[in-house]
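# Structure at a glance
Given next are the chains, with one letter for each unit.
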Amino acid sequence: MSSKNSINLLQAELFPKQALLTLKRVMLGWGMIASIMLLAVVISQYQLSKSSAELAIQKKTKAIQDSQLAALEEKVRQNKPAYQLVKKLATIKLLMANKEALHKELTNPNTTYVAGFAQAMNDLSNMHSANISLQKVVIDRNEMMFSGMARTPEAVPTWLALFESSTVLSGKVFSHFSMQENDSNFTNFVVSTTSSEVKK
């Protein structure tokens, strides 16, 4: 049988309890928090610095683009079309409008005098006389007028007599007729179906 030489009178419940918060632990905690905060500040500062640099670049780019835009707008304001080109364009537009109106009139099936006009012009071409020079021909629904110049006064009645061979002009009553000798010893004449067309 073994013998016990010592007796432990210090029981576990008699040991002093360890404090949860010690100075060392508090200092360590504050150190970790300070390190985290310092790291966050460094990261934030880096991001702020990077954003500021990008903003500066964007502002510089915008300033360049604004300058280029202003220069282009000034060029657009100064880029005015030449007067001659504008005038030529207006003339072309007017000619196109007149041609469209004429085409519409010529292709209108309700217009009865179109065929008569074409036939009358064909007849006048067939009745060409070396002594007669036509300067103006008006063939409308209700009136006709021919004006021009003749070598001799006798050439005009001779030329008018040829109207009897025309399918369109024959039977027309040309009630107004005038002749006048010009400075070149030629005879200016006007023959029409209405007095409003007789012009000296």
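Now for a description of the structure that goes with this document. (Residues numbered from 1 in each chain as written. Predicted model: local features only at pLDDT ≥ 70, side-chain atom pairs only at ≥ 80, totals over all residues. Heavy atoms only, no water.)

A separate point is the sheet that holds strand 2 (residues 144-150). Read from one edge of the open sheet, four strands run 1-2-4-3, paired in antiparallel fashion. Every interior strand has two partners, whereas the edge strands, strand 1 (132-139) and strand 3 (176-181), have only one. When the angles between neighbouring strand axes are averaged without regard to direction, this sheet yields 10°. With seven bridges joining them, strand 1 and strand 2 adopt antiparallel strand pairing. Bridging from a neighbouring strand, Lys 136 pairs with Ser 147 of strand 2. (Pairing = 2+ DSSP bridges. Helix = DSSP H or I, 4+ residues; strand = E, 2+ residues; numbered from the N terminus. Axes fitted to C-alpha atoms, helices over the stretch in contact; angles between N-to-C directions.)

This part covers the packing of aromatic side chains. Counted according to the given criterion, the structure contains six aromatic pairs. Pairing Phe 146 with Phe 163 gives two aromatic rings, centres 5.5 Å apart and planes at 70°, and the pair type is edge-to-face. Highlighted residues: Phe 146 in strand 2 and Phe 163 in the loop between helix 4 (155-161) and strand 3, separated in sequence by 17 residues. Taking relative accessible area as the criterion, Phe 146 reaches 0% and is therefore assigned buried. Accessibility expressed as a relative area gives 3% for Phe 163, which makes it buried. Through successive ring pairs, a cluster of aromatic residues spans Phe 146, Trp 159, Phe 163, Phe 174 and Phe 189. (Phe/Tyr/Trp six-rings, centres within 6.5 Å; stacked < 30°, edge-to-face > 60°. Buried < 20%, exposed > 50% of the residue type's maximum accessible area, 1.4 Å probe, protein only.)

Now for unusual backbone geometry. A negative phi angle characterises most non-glycine residues, just as the trans form characterises most peptide bonds. One non-glycine residue, Asn 185, lies in the positive phi region at around 65°. In this fold, Asn 185 is placed in the loop between strand 3 and strand 4 (187-192). Residue classification places Asn 185 among the exposed residues on the basis of a relative accessible area of 55%.

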